[in-house]
Amino acid sequence: MKPIRSLVLVSSDPESIGRGAQEVHRRLQRAIEAADLENEVVVSMVGDVGRHDALPMVIIYPEATIYGPVTPENVPFLVEEHLVERRIAAGLEASTRELSGRIAWLSARRGTLPAEQRIVLARAGLIDPENVEDYIVHDGYEALAKALTEMTPAEVINEIGKSGLKGRGGAGFPTGMKWRFVSQTDDYPKYIICNADESEPGTFKDRLILEGDPHSVIEAMAIAGYAVGANEGYIYIRGEYVLAQERLATAISQARQMGFLGETIFGSDFSFDIHIHAGAGAYICGEETALIESIEGKRGEPRSRPPYPTTHGLWGKPSVVNNVETIVNVPPIIQHGAAWYRRFGTSNSPGTKVYTILGNVNVTGLIEVPMGITLREVIAIYGKGMQDGASLKLAQTGGSSGSIVPASLQDTPLDFDSYARAGVSLGSGALLICNEDTCVVDLAKVSLNFFKRESCGKCTPCRVGTQRAYQILTAISEGVGTQQDLDDLQMLSENLTEFSHCGLGQTASVPIRDVFRHFRAEVDAHVQLKVCPAGACPMSGQLAKAA
Amino acid sequence: MTVGTKSAQDVNSLVQEVVGRHGATAEALVPILSDINQEFGYLPSETMAALSQTLRVPKSQLFSVASFYEMLSTKPRGRHVIQFCESAPCHVVGGRQVWQTLQDELGLETGETSEDGKWTLLTSSCLGICGVGPVIIVDDDIYGNVAPDGVPEILARYA
């Protein structure tokens, strides 16, 4: 490789691209050539850098200077000042006050700030996602080589089992166990399915992995295929994630060319290939059996379980279904060993977790930290405190199907077990931070609106229950709710949990349950006093037109 | 493009081309429907009939699948499709006011298409760009951190 003086990274998430990141990239290349610096300076598009306040962002190494928002017109000045004159381009720097997430981690390499721990996002935002060589230089495909040349399939599964890796999609099922179930069946062919149908409101961690480090998903799936005896993989990706689909397609064709996919990988007798299957907009397709139905060209309605996909999955054959964040933990575990992995996180929830921080905080974005950090720490350190100095009222963890966590639980460690003991769930890792202006009835109503529109309609408790619960919450928010409504809501919530066919209906009751449990007085105020204490509900005394 | 400007033969050859691209297998059905939807902005009944013959799948089954997915439409849509995220992350940072402004500016409610065929207004469960809420997407253009008074300026960009 040629020695380079500077590395220039341009953020290329959809928001940045919408704001002209590609033009910035093009002009940077032109300006650098014009300045005769193309042999010393490398310009690269990277994925989402995890910070969203000043896009598109340009980061220049080794100084780790962050510029943003950068317009195409700024480029000549930026190149002239930073790369030719070697001084900070005045006025273009992104404010350091809001240093967070990815950037904090990048800066930590200069020894200035406490670091996040990045395992699954180690490369995202640092390498060029459309350049396989960049991935290889950063240890890419080493784990696959190690698995294929030094380990038996059983050893791979053992290592994953010992690492204690659990599914990051929300349910927290041990990954090693899932793989073992599939490896133990003698039914062929078997399939590896990567669930990239990330549709939980507030969750976009998988998109960042797919856009920023697509090869890591491919490598992980190939390792999984070797471990369980599958030669074919599917990535079921959200239809809306167009950029991620393009990056994946590029990565797959590169991997085929380089021999990381295809026949006799690394000279072994193992073959593996991957198809991309784009969804067409349905939240329920994140449920593994609905996802499988959708690949098979049907309506995405969940199947009855058992039998589970581990024995009867795609086309009735044994299938591993792993979430993106889960599966990209695999290559680092294989490469560094289970003992290394268990150094991070807690003993029952090893590793890291990617969280998206949203809502009424000063800095929104995405972080990857060891399991077990608390909400208070997340808000203070990475969210840079509440907006306008407001106080925390509640956090909705894990999107619509997560829990509504009151401020009193903000010191509970964010890991699967601690949260389960506190009676709340961690979900997919979206942390929606809400201040005192948030009304719990309004929040529950918005959540139920989500479930009512995303219910697939297959089973009655969910199809009718979510609709009816939404109507009642709407009545309460209009100031026309009655005591009977509250009793009905309680009953509906229990019925949803008890009788719904799949996780969608079962978790649709969570916002109601949590609001009753932690904020009953506020709900009662709406019904008995006809007052919305947070001032968010219309309380107009009449029902809005039925949706 | 509307189906009205195409002859039956053109519709048929377009369907053949899309099927050829993905293969006439069960797992190709949703991608095939997505491509046809992309071409016309919706799934005209003529294309469904042609597809039914090509794949030897009953129209009822095609319609059953097509009507399930949010991104597929069995009804014509406007020249520009606006998607507004109505979920909690966008809602708590001011989404409600943005939604009100959108409705007022366009005179449309969710799912409606304007009479001149210019706009279709849709709500979405989540657009996956939650770090910069409230979010709206017009056609393929993403707008983040939208404030109510920024809505008219965004709409004015579309002819």
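What you are looking at is a predicted structure, and each value in this text was computed from that prediction instead of being measured.

Conventions used here
Residues numbered from 1 in each chain as written. Chains lettered and ligands numbered in written order. Predicted model: local features only at pLDDT ≥ 70, side-chain atom pairs only at ≥ 80, totals over all residues. Heavy atoms only, no water. Pairing = 2+ DSSP bridges. Helix = DSSP H or I, 4+ residues; strand = E, 2+ residues; numbered from the N terminus. Axes fitted to C-alpha atoms, helices over the stretch in contact; angles between N-to-C directions. Contact = heavy atoms within 4.5 Å. Buried < 20%, exposed > 50% of the residue type's maximum accessible area, 1.4 Å probe, protein only. pLDDT = per-residue confidence, 0-100. Arc of directions from axis to C-beta. Phe/Tyr/Trp six-rings, centres within 6.5 Å; stacked < 30°, edge-to-face > 60°. Buried area = accessible area lost by both parts, 1.4 Å probe. Salt bridge = Lys/Arg side-chain N within 4 Å of Asp/Glu carboxyl O. Polar contact = N/O pair within 3.5 Å; in protein donor to acceptor, adjacent residues only side chain to side chain. Parallel < 35°, antiparallel > 145°, perpendicular 65-115°, else oblique. Left-handed = near helix turned anticlockwise from the far one by under 90°. Nonpolar A, V, L, I, M, F, W, Y, C, P; charged D, E, K, R; others polar.

A look at the sheet that holds strand β10 (residues 365–370) of chain A
Taken together, five strands build an open sheet; the order of strands is β10-β9-β13-β11-β12 (chain A) and the sheet is mixed. The sheet is open, and its two edges are formed by β10 and β12 (403–406) of chain A, each paired on a single side. Averaged over all pairs of adjacent strands, the angle between their axes in this sheet comes to 30°, without regard to strand direction. Sheet topology note: the strand β9 (residues 352–359) of chain A/β10 of chain A ladder contains six bridges and is antiparallel. Within β10 of chain A, the position partnered with Tyr 355 of chain A by the bridge is Ile 367 of chain A. Helix-sheet contacts for helix α5 (residues 88–106) of chain B involve β9, β11 (392–397) and β13 (430–435) of chain A, and the interaxial angle to β13 of chain A is about 30°.

Considerations on the pairing of strand β8 (residues 319–323) of chain A
For a regular strand, side chains alternate in direction, first toward one face of the sheet and then toward the other. Summarising burial for β8 of chain A: five of the five residues are buried, a large majority. What you see with β8 of chain A is no split at all: Ser 319, Val 321 and Asn 323 of chain A on one side and Val 320 and Asn 322 of chain A on the other are buried throughout.

Focus: the sheet that holds strand β3 (residues 58–61) of chain A
Residues and elements named next belong to chain A. The mixed open sheet is built from four strands, whose spatial order is β2-β1-β3-β4. The sheet is open, and its two edges are formed by β2 (41–46) and β4 (65–67), each paired on a single side. For this sheet, the mean inter-axis angle between neighbouring strands, taken without regard to orientation, is 20°. Inspection of the sheet shows β3 paired to β4 by three bridges, in the antiparallel sense.

Quick look at the confidence of the model for chain A
Overall, the prediction assigns chain A a mean pLDDT of 89, with 94% of residues at 70 or greater. A low-confidence stretch, residues 97–115 of chain A stays under pLDDT 50, and its non-local contacts, those more than four residues away or across chains, total 48 contacts.

A few points about helix α8 (residues 175–184) of chain A
Residue and element names in this part refer to chain A. Those residues of α8 that sit buried are Thr 175, Gly 176, Lys 178, Trp 179 and Val 182. In an axial view of α8, the angular spread of the buried residues amounts to 160°, which keeps them on one side of the axis. Buried residues in α8 make contact with α7 (153–163), α10 (214–228), α12 (288–295), β8, α13 (324–327) and α14 (330–336).

Notes on helix α6 (residues 142–150) of chain A
When α6 of chain A is considered as a whole, its buried residues turn out to be Ala 143, Leu 144, Ala 145, Ala 147 and Leu 148 of chain A. Looking at the buried residues of α6 of chain A, the elements they touch are α7, α10 and α14 of chain A.

Details of the packing of aromatic side chains
Residue and element names in this part refer to chain A. Across all of its chains, the model carries 13 aromatic pairs over all chains by this definition. With 5.9 Å between their ring centres and 20° between their planes, Phe 270 and Phe 272 make a pair best called stacked. One exposure class covers both Phe 270 and Phe 272, and it is buried. Ring geometry for Phe 450 and Phe 451: centres 5.4 Å apart, planes at 75°, overall edge-to-face. There is no split in this pair, since Phe 450 and Phe 451 are both buried. Clustering of aromatic rings is evident, with ring pairs tying together Tyr 135, Tyr 141, Phe 260 and Phe 266.

Re the interface of chain A and chain B
By convention, interface size is frequently given as the accessible area that disappears when the constituent parts associate. Taken together, the contact between chain A and chain B spans 52 residues of the former and 37 residues of the latter. Together chain A and chain B conceal approximately 3400 Å² of surface at their shared face, both sides included; 54% is due to carbon and sulfur atoms. Among the residues chain A hides against chain B, the three largest losses belong to Ala 280, Arg 299 and Arg 453 of chain A. Together they make up 19% of the total. Counting every contact that joins chain A to chain B gives two salt bridges. Arg 453 of chain A serves as the salt-bridge partner of Glu 86 of chain B, at 2.7 Å between the closest nitrogen and oxygen. At the surface where chain A touches chain B, the tally comes to 20 residue pairs in polar contact (both at pLDDT 80 or more). For the side of chain A that touches chain B, the secondary-structure elements that each account for two or more residues are α1 (14–18), β6 (232–237), β7 (273–278), α12, β9, β13 and α18 (440–454) of chain A.

Structural notes on unusual backbone geometry
Residues and elements named next belong to chain A. For the bond running from Gly 68 to Pro 69, omega is -10°, close enough to zero to count as cis. Mapped onto the elements, Pro 69 comes out in the loop between β4 and α3 (75–84). Geometrically, the link from Arg 305 to Pro 306 is a cis peptide bond, its omega value of -5° lying close to zero. On the secondary structure map, Pro 306 appears in the loop between α12 and β8. You will see that Asp 36, though not glycine, has its phi angle at about 60°, which is positive. Positionally, Asp 36 belongs in the loop between α2 (21–34) and β2. We classify Asp 36 as exposed; its relative accessible area is 59%. Phi is positive for Met 539, which is not a glycine, with a value near 45°.

A few points about the pattern of salt bridges
Enumeration according to the criterion identifies 32 salt bridges over all chains in this entry. Several salt bridges share partner residues, and in doing so they unite Arg 168, Lys 205, Asp 206, Glu 325 and Lys 353 of chain A into one network.

Some words on the packing of α6 of chain A against α10 of chain A
Residues and elements named next belong to chain A. Two numbers describe how α6 lies on α10: the axes approach to 9 Å, and their chain directions differ by 10°. The orientation of α6 with respect to α10, classified from their angle, is roughly parallel. Handedness of the α6/α10 crossing: left-handed. Contact with α6, carried on its side by Glu 142, Ala 143, Leu 144, Ala 147 and Leu 148, involves Glu 219, Ala 222, Ile 223 and Tyr 226 of α10 and no other residues of that element. Split by residue class, the contact of α6 with α10 holds seven nonpolar, no polar and two charged.

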